[in-house]
Amino acid sequence: MGGIKWVEREDGEKEPIYVSNWHDKEIEQYREEHKKKVCDSEAERIVKKIARHFKLGRYQINFHGYKDSGRIWGRGYGGTVTLSHNPSFALICHELCHSLCYKRYKKHISHGSKKFEYQLQRLINYCRKKNFWQDEINRLREPKPQKLEPTKEEIKQQKIAKAEAKIKRYETKIKMYQRKLSKARRSVAMLKRVATKKEVATF
Ligand SMILES: [Zn+2]
């Protein structure tokens, strides 16, 4: 199933492209999810999150090309997924949907079938519910605060603090050894006293 669709190029000319009906429908239905793109490392996180939630297992994730297309090898318990660079949420869900279908129905489910659509909707709903991990992604995209070089005065203060900490550690150790020393002296004294008493007693 499929057909020719005329799309306008950037220069205004129209060109025919071949589209399958299910693909067309998916783009139409999940317009927002096709527009929401993430970088490769973010995509890896999202695949892992979705896979964990739907108990799909572990995935080896590869990236290839830029056409928002992908492939998956896996039967519902992990596998290998290839996504294009900077994939959309729609693509991530579509590829994982193959695994989810396999896990759910224990056989291959074709694109565009009711069963496929149903499972895809589940995946999309989950992403929507999580608000596409927008907070986490924003946090990841924030530039890291630059560490300021310490001033000369700060370096001096750090050195003093370090040396003072050392002194404190040594003082604690001295106290500990002084306690041990007097304990040892006491026990020697006691042992000697006991020995003299015994000598006295035997005579
Ligand atoms: Zn597919």
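Remember, predicted model here, so these are calculated numbers, not experimental data.

Procedures and definitions
- Residues numbered from 1 in each chain as written.
- Predicted model: local features only at pLDDT ≥ 70, side-chain atom pairs only at ≥ 80, totals over all residues.
- Helix = DSSP H or I, 4+ residues; strand = E, 2+ residues; numbered from the N terminus.
- Rg over C-alpha atoms; globule rule 2.2 N^0.38 Å.
- Buried ≥ 20, exposed ≤ 12 C-beta atoms within 10 Å, placed from the backbone.
- Contact = placed C-beta atoms within 7 Å.
- Core = buried A, V, L, I, M, F, W, Y, C linked by C-beta atoms within 7 Å.
- Axes fitted to C-alpha atoms, helices over the stretch in contact; angles between N-to-C directions.
- Parallel < 35°, antiparallel > 145°, perpendicular 65-115°, else oblique.
- Left-handed = near helix turned anticlockwise from the far one by under 90°.
- Nonpolar A, V, L, I, M, F, W, Y, C, P; charged D, E, K, R; others polar.
- Expected span 1.5 Å × (residues − 1).
- Bend = angle between axes of the 7 residues up to and from the residue.
- Domains from an automatic or database assignment.
- Pairing = 2+ DSSP bridges.

1. Comments concerning the overall build of the chain
Within the chain, the secondary structure is distributed over seven helices and five strands. In the chain, the order of α-helices and β-strands from amino to carboxyl end is β-β-α-α-α-β-β-β-α-α-α-α. For a compact globule of 203 residues, the expected C-alpha radius of gyration is about 17 Å, and the chain comes in at 35 Å, more than 25% above that figure. Along the first, second and third principal axes, the C-alpha set of the chain runs to 120 × 55 × 25 Å. Counting every position in the chain, which comprises 203 residues, the buried fraction comes to 19%. Counting contacts in the chain only where the partners sit at least 6 residues apart, residues at least 24 apart contribute 42% of the total.

2. Things to note about the nonpolar core
Counting 28 residues, the largest nonpolar core has Val47, Ile92, Cys93, Leu96, Cys97 and Leu123 as its most contacted members. If you list the elements that add at least two residues to this core, you get helix H3 (40–53), strand S3 (59–63), strand S5 (79–83), helix H4 (89–105) and helix H5 (114–129). Sorting elements by how many residues they give to this core places H4 first, with ten residues. Dropping the residues within four chain positions of it, Leu123 is found in contact with Ile50, Cys93, Leu96, Cys97 and Leu100.

3. Some remarks on the packing of H4 against H5
Axis separation between H4 and H5 bottoms out at 8 Å; the angle between their running directions is 125°. Judged by the angle between their axes, H4 and H5 are oblique. With respect to the hand of their crossing, H4 and H5 are arranged in right-handed fashion. Note on element contacts: H5 touches H4 through Lys115, Phe116, Gln119, Leu120, Leu123, Ile124 and Cys127, opposite Phe89, Cys93, His94, Leu96, Cys97, Leu100, Cys101, Arg104 and Tyr105. Along the lines of polarity and charge, the residues of the contact of H4 with H5 split into twelve nonpolar, two polar and two charged.

4. Considerations on H4
Taking 1.5 Å of rise per residue, the 17 residues of H4 would be expected to cover 24 Å, and the 23 Å separating its terminal C-alpha atoms lies within 8% of that figure. The sharpest bend along H4 comes to roughly 30°, located at Cys97. Most of H4 sits inside the fold, with 14 of its 17 residues counted as buried. Lys106 lies just past H4 and shows a positive phi near 60°.

5. Overview of unusual backbone geometry
One can expect most non-glycine residues to show negative phi and most peptide bonds to be in trans. With a phi close to 50°, Asp68 is a non-glycine residue in the positive phi region. Assignment of secondary structure puts Asp68 in the loop between S3 and strand S4 (70–74).

6. Notes on the domain arrangement of the chain
Parsing the chain into structural domains produces domain 1 (37–141) and domain 2 (150–203). A separation of 64 Å is found between the C-alpha centroids of domain 1 and domain 2.

7. Quick word on the sheet that holds S3
A sheet is described by the order of its strands in space; here three strands give the open sequence S3-S5-S4, paired in mixed fashion. Of all strands in the sheet, those with a lone pairing partner are S3 and S4, marking the two edges. Within this sheet the neighbouring strands show an average axis-to-axis angle of 10°, counted without direction. Of the pairings in the sheet, the one linking S3 to S5 comprises five bridges and is parallel in character. When the sheet's bridge partners are listed, Ile61 is paired in S5 with Val81. The strands that H3 touches are S3 and S5; relative to S3, the one it contacts most, it runs at about 155°.

8. Quick notes on the environment of Glu28
When you line up the elements, Glu28 lands in helix H1 (residues 21–29). When the 9 C-beta atoms within 10 Å are taken as the criterion, Glu28 is described as exposed. Considered as a pair, Glu28 and Asp68 are 40 residues apart in the sequence and their alpha carbons are 15 Å apart.

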